[in-house]
Amino acid sequence: MKVAVLGPGALGCLFAVKLRQSGTKVHLIDHREDRARRLEKNGITVEMNGTAEVEHPTVATSIPAGMDLVIVLTKAYSTGSLRLPPEVPVLTLQNGLGNVESLCTLVGSARVLAGATSEAATLLEEGRVRHVASGKTVFGGWTSCDGEPARAALAAAGFTVEITDAPGQTIWEKAAVSSGINPLTALLDVPNGLLLQMVEVRQLMRDLVVEAAKVASTEGYRFDHSLVEVAESMCMATAENISSMLQDVRASKRTEIEAISGEILRRATLASLPTPRTRVIYQLVRGLENR
Ligand code: PAF
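Conventions used here
Residues numbered from 1 in each chain as written. Predicted model: local features only at pLDDT ≥ 70, side-chain atom pairs only at ≥ 80, totals over all residues. Heavy atoms only, no water. Helix = DSSP H or I, 4+ residues; strand = E, 2+ residues; numbered from the N terminus. Rg over C-alpha atoms; globule rule 2.2 N^0.38 Å. Buried < 20%, exposed > 50% of the residue type's maximum accessible area, 1.4 Å probe, protein only. Contact = heavy atoms within 4.5 Å. Areas by Shrake-Rupley, 256 points an atom, 1.4 Å probe, with all protein chains shown as cover. Near = heavy atom within 4 Å. Polar contact = N/O pair within 3.5 Å; in protein donor to acceptor, adjacent residues only side chain to side chain. Pairing = 2+ DSSP bridges. Salt bridge = Lys/Arg side-chain N within 4 Å of Asp/Glu carboxyl O. Axes fitted to C-alpha atoms, helices over the stretch in contact; angles between N-to-C directions. Phe/Tyr/Trp six-rings, centres within 6.5 Å; stacked < 30°, edge-to-face > 60°. Lys NZ or Arg CZ within 6 Å of the ring centre and 35° of its normal. Right-handed = clockwise from strand over helix to strand, strands pointing away.

1. Thoughts on the overall build of the protein chain
Item 1. Scanning the protein chain for helices and strands turns up 10 helices and 12 strands.
Item 2. For 291 residues, the compact-globule formula gives about 19 Å, and the C-alpha radius of gyration of the protein chain, at 18 Å, lands near that figure.
Item 3. Projected onto its principal axes, the C-alpha positions of the protein chain cover 50 × 40 × 35 Å.
Item 4. Here the protein chain holds 291 residues, and the buried ones make up 53% of them.
Item 5. Intrachain contacts of the protein chain at a sequence separation of at least 6 include 63% that bridge at least 24 residues.
Item 6. Summing over all exposed atoms, the protein chain offers an accessible surface of approximately 13,000 Å²; the carbon and sulfur share of this is 50%.

2. Here's the deal with the site of the ligand
Item 1. Taken together, the residues surrounding the ligand are N95, K174, S178, I181, N182, N192, M234, N241, S243 and S244.
Item 2. The separation between an oxygen atom of the ligand and a polar side-chain atom of N192 is 2.7 Å.
Item 3. Starting from 280 Å² of accessible surface for the ligand in isolation, the protein chains cover 94%.
Item 4. Per element, the largest residue contribution to the shell around the ligand is four residues, and it comes from helix α5 (residues 167-188).

3. As for the pairing of strand β4 (residues 51-55)
Item 1. Strand direction decides the pairing type here: strand β3 (residues 44-48) and β4, joined by five bridges, are antiparallel. The residue of β4 that forms the bridge with T45 is V54.
Item 2. Hairpin connection from β3 to β4: two residues lie between these consecutive antiparallel strands, with N49 at a positive phi of about 45°.

4. Considerations on the side chain of Q94
Item 1. With respect to the helices and strands, Q94 occurs in the loop between β7 (90-92) and α3 (99-107).
Item 2. A polar contact is formed between the side chain of Q94 and the side chain of T79, at a distance of 2.8 Å.
Item 3. A polar contact is formed between the side chain of Q94 and the side chain of T92, at a distance of 2.7 Å.
Item 4. When sequence neighbours within four positions are dropped, the list of residues in contact with Q94 reads V72, L73, T74, K75, A76, T79, N99, L103 and G115.

5. Things to note about the pattern of salt bridges
Item 1. Considering all chains together, one arrives at 23 salt bridges under this definition.
Item 2. Of the charged contacts in the structure, one is a salt bridge between E148 and R151, with a shortest N-O distance of 2.9 Å. With E148 and R151 both in helix α4 (residues 148-156) and three residues apart, the pair spans about one turn of that helix.
Item 3. Owing to a relative accessible area of 26%, R151 belongs among the partly exposed residues under this scheme.
Item 4. For the salt bridge of R206 with E232, the shortest nitrogen-to-oxygen distance reads 3.0 Å. Remark: E232 occurs in helix α7 (residues 227-237) and R206 occurs in helix α6 (residues 199-218); sequence separation between them is 26 residues.
Item 5. Judged by its relative accessible area of 31%, R206 falls in the partly exposed class.
Item 6. Residue class for E232 comes out buried when judged on its relative accessible area of 9%.

6. Digging into the sheet that holds strand β6 (residues 69-72)
Item 1. Spatial strand order, β5-β2-β1-β6-β7-β8-β11-β12: eight strands in an open sheet with mixed pairing. Edge positions in the open sheet fall to β5 (58-60) and β12 (160-163), since each of these has one partner strand only. Across this sheet, the average inter-strand angle for adjacent strands is 25°, counted without regard to direction.
Item 2. Here strand β11 (residues 136-141) runs beside β12; their pairing, made up of four bridges, is parallel.

7. Examining the packing of aromatic side chains
Item 1. Within this structure, the stated rule accounts for one aromatic pair.
Item 2. The ring of F159 carries K18 above its face, with NZ or CZ at 4.9 Å from the centroid.

8. Some details on the side chain of N192
Item 1. Within the fold, N192 resides in the loop between α5 and α6.
Item 2. A residue is classified by how much of its surface remains accessible, and N192, at 4% relative accessible area, is buried.

9. Describing the pairing of strand β8 (residues 112-117)
Item 1. Of all the six residues making up β8, six are buried; the element is thus mostly covered by neighbouring parts of the structure.
Item 2. Neither face of β8 is left uncovered, since the one carrying V112, A114 and A116 and the one carrying L113, G115 and T117 both have all their residues buried.
Item 3. Remark: the β7/α3/β8 crossover connection has right-handed handedness.
Item 4. Bridge count between β8 and β11: five bridges; the pairing is antiparallel. Directly across from T117, in β11, lies its bridge partner T137.

Below is the structure:
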């Protein structure tokens, strides 16, 4: 199987390396030519449990012909401008809401596989990633796309993978959890686990997740389990992880706040649902970005 992994961030590097180690032909795609050249030359290093492994996936600036699968792990704000080949299934495991809709516009819903991953990784520096915690990767066809080849490739690479027939639900669950964890870790400059140790902050995280779940319910998504518990378990499982949003803030990069809290706010407004905490948190992270 030939797989193109889009985005040389923490998760893109992790997925590219693990897929390559399992014998899949991997192209890691980085739109920045200078960085792509350096990554191709130096390889990608993944640190895990005190060991470091270097792999040399092919790094290119665009997706070559003949791919069987494209995995999108770019930042949510760049989804709309991706250049994707015709006829190839595209799997998004990106953060936030709105990525699927953008991909459906680009390639048609019948080619889109969508979901979320709970793998936690930190980009230590360009091409060097720490795999902090393993977690489930859940996805399914947005409409009719067959997810089995992608599931088999990822399972062979050692990922815990599940196919769902409700990918929208999976994306909303992850977005609700992220809306609690990511902005608070970014604003407070703490790893995920510390959110649980500060009583008021833990309560605020719970309130943010509840607000997001209410917005999800206006779109018909109902959860038969507590998303607050999912968020707290995620903080525990990824206690040492520096959330992607905090990694962005520390690197003075644009964050994914628009695709997480921003999108939740916009959808709440459409449903005339007040989400006061989400609004304040959104405004504070926007302030942090614009400092
Ligand atoms: O975006 C992230 O960093 C992660 O998906 C998670 C688990 C929400 C926080 O580390």
